[in-house]
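Breakdown of the fold
Spelled out from the first residue to the last, the chains are:
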Amino acid sequence: MANGQWYPRDWPDRIRALADGTLIPVTPRRAATVMLLKDAETGPAVHMLRRRASMAFAGGAYAYPGGGVDPRDDDHHVHWAGPTRAWWADRLGVAETEAQAIVCAAVRETYEEAGVLLAGPDRDSVVGDTTGPDWEADRAALVARDLSFAEFLERRGLVLRSDLLGAWTRWITPEFESRRYDTWFFVAALPAGQRTRNASTEADRTVWIRPAEAAESYDKGELMMLPPTIATLRQLTRYATAAEALVAAPGRDLTPVLAQARLADGEIVLSWPGHDEFTKHIRTDLPTGGAPA
């Protein structure tokens, strides 16, 4: 691990296989993740969770609440507040049905993993306490995928507050990875009256931390993160309040960030366009599984 960065040991072999045509890229799964912010005396803090070390993907890494899109939310009618589905489709670069499902995934995952729900009984409010046993039963059904988020909203007569979200960036897992995601990152402010909790079975710790503090800990090798996480943390450090970050979101470039791998001077050079700090040089003479973690 360098600077808190997580590099799987099988990357060199998979990159070589992709280059010589023996590896067919996995189709990335649509996903959404949310940088949940709240204001503190020294500036905004972001809610992060640490993935359990036993997790197959990025175990031990710090991340935001997030997960895969449920295709059942593509075309199920959802009571909606804020920018229209057409607006979101244009913003996210997808069809309207896909846009609805991606926004639903962002709100659902924040509820599933942090206990925070960006929805309310009408277009101008959000729910208050969501910690009762009936809420927990519905949350468990969402986690188990026994209930789609659209069905959950309909059952409870809730309006999805898309106006509380701002689309921030989009990252696609490199083509040589065995697990791939096309992930839209959103920013949101913690609604008044709601509190976060570690509701995720995938996390063993949650924290509220200033982006600059988290980035410093990453640089010291104290917190492990994937490239999109530390990149977005560095971007958040310039904002003095959560509201400022939300105001900035509509102007953010959502061109997907996709890693590139090339052979040069006996090395595999792995880079993320626009993010030079993640460039990695991997010797091509390493034995199978020999890449340093």
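Scroll up to find the structure.
Below is a short write-up of the structure. Within each chain, residue numbers correspond to sequence positions counted from 1 in written order. Predicted model: local features are reported for residues with pLDDT of at least 70 only, side-chain atom pairs are reported and counted for 80 or more only, and whole-chain, interface and lining totals are derived from all residues. For side-chain calculations, the full set of non-hydrogen atoms in the structure is used, while hydrogens and water are omitted.

**Digging into the pairing of strand S13 (residues 267-272)**
Selection rule: Accessibility here uses a 1.4 Å probe with only protein chains present; expressed as a share of the type maximum, an area under 20% marks a residue as buried, one over 50% as exposed, and anything in between as partly exposed. Each helix is a run of DSSP H or I of at least 4 residues and each strand a run of E of at least 2, with the numbering of both proceeding from the N terminus. Here, any two strands with at least 2 DSSP bridges between them count as paired.
The buried fraction of S13 amounts to five of the six residues, a majority that puts the element mostly inside the structure. For strand S12 (residues 260-264) and S13, the ladder comprises five bridges, and the chain directions are antiparallel. Residue pairing in the sheet places Arg262 in a bridge with Val269 of S13. Linking S12 back to S13 in an antiparallel pair, the connection comprises two residues, with Asp265 at a positive phi of about 55°. With five bridges connecting them, S13 and strand S14 (residues 275-283) associate as antiparallel partners. By the bridge assignment, Val269 is partnered in S14 with His281. Hairpin connection between S13 and S14: a loop of two residues separates the two successive antiparallel strands, and Gly274 in this loop has a positive phi of roughly 85°.

**A look at the layout of surface pockets**
Here is the rule: Definitions used throughout: a 1 Å grid over protein atoms alone; a cavity as a set of points that fits a 1.4 Å probe which cannot get out; a pocket as an open set with protein on both sides within 12 Å along at least five of seven lines; a lining residue as one with an atom within 4 Å of a point. Grid points are joined across faces, edges and corners, and a volume is the space filled by probe spheres set on the points. In the scheme used here, Gly and all other residues not listed as nonpolar or charged are polar, with Ala, Val, Leu, Ile, Met, Phe, Trp, Tyr, Cys and Pro taken as nonpolar and Asp, Glu, Lys and Arg as charged.
Quantified by volume, the second largest pocket comes out at close to 170 Å³. Going through the elements one at a time, helix H1 (11-19) and S12 are the ones with two or more residues in the lining of the second largest pocket. Its residues assigned to classes, the lining of the second largest pocket shows eight nonpolar, one polar and three charged.

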